[in-house]
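Single-letter residue listing:
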Amino acid sequence: MKKLTLAVLALLLSACSSQISLSNSTSGPTISETLERTMYLRGDFTLWDAEPHYILKPQGAGIYTVKAKFMTPGKVYEFKIADEQWSKGYNCGYKVQGVLKLGQPQLADCNTIYNYFSFVPSKKGWYVISFDYSDNRSPKVTITRQ
């Protein structure tokens, strides 16, 4: 019995000596996330289907990108980033404002049903749509010209 008590006491003391290190960051903690499923760029140009050539590809640190060719300057292109089933938590449209401007990130809401992003290209060509999921509490979508 005495040996059992000593063994339990030793375990408790070793647990108490463990150290936990917390970062004292003024900006608060960031949760780095990776997506658990395949995500697609889905829009009026894909007839809202999940097409293989519009799969978002990981670029590291929670950043995913896909290229799209927009051929009609001045046309409003509407799209979302979503999984194949439009699942809750994986159906990402705009949170505050849906109009994307080149190089300006917009917050995404991944529980929305209707809030489509929109983009009006001034020139035809290839564009890169980036989905920043590095902080899953505030994912962002950005569009740039390739």
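Look up: the structure comes first, before these words.
Residues numbered from 1 in each chain as written. Predicted model: local features only at pLDDT ≥ 70, side-chain atom pairs only at ≥ 80, totals over all residues. Heavy atoms only, no water.

Residues and numbers for the packing of aromatic side chains, please.
Scanning the entire structure with this criterion turns up twelve aromatic pairs. Taking 5.2 Å as the distance between ring centres and 65° as the angle between the ring planes, the aromatic pair formed by Phe119 and Tyr127 counts as edge-to-face. Residue classification places Phe119 among the buried residues on the basis of a relative accessible area of 3%. Three or more aromatic residues link up through ring pairs in this structure, and these residues are Phe45, Tyr54, Phe70, Tyr77, Phe79, Phe117, Phe119 and Tyr127. Across from the ring centre of Tyr90, 3.9 Å away, lies the NZ or CZ of Arg37, which sits over that ring. Directly above the ring of Tyr77 sits Lys75, whose terminal nitrogen or CZ lies 4.4 Å from the centroid. (Phe/Tyr/Trp six-rings, centres within 6.5 Å; stacked < 30°, edge-to-face > 60°. Buried < 20%, exposed > 50% of the residue type's maximum accessible area, 1.4 Å probe, protein only. Lys NZ or Arg CZ within 6 Å of the ring centre and 35° of its normal.)

Before we move on, could you go through the environment of Lys95 and cite the residues and values that matter?
As for its placement among the helices and strands, Lys95 is situated in the loop between strand 5 (91–94) and strand 6 (106–109). For Lys95, a relative accessible area of 48% puts it in the partly exposed group. With 13 residues separating them along the chain, Lys95 and Ala108 place their C-alpha atoms 5.0 Å apart. Excluding residues that lie within four positions of it along the chain, Lys95 makes contacts with Leu107, Ala108 and Asp109. (Helix = DSSP H or I, 4+ residues; strand = E, 2+ residues; numbered from the N terminus. Contact = heavy atoms within 4.5 Å.)

Can you break down the environment of Ala68 residue by residue, with the values?
Looking at the element boundaries, Ala68 is found in strand 3 (residues 63–70). Owing to a relative accessible area of 0%, Ala68 belongs among the buried residues under this scheme. Sequence separation between Ala68 and Phe45 is 23 residues, and the spatial gap between their C-alpha atoms is 9.3 Å. Excluding residues within four positions of it along the chain, Ala68 makes contact with Leu41, Tyr54, Gly125, Trp126, Tyr127 and Ile129.

Spatial relationships are all this shows, so hold off on functional conclusions.
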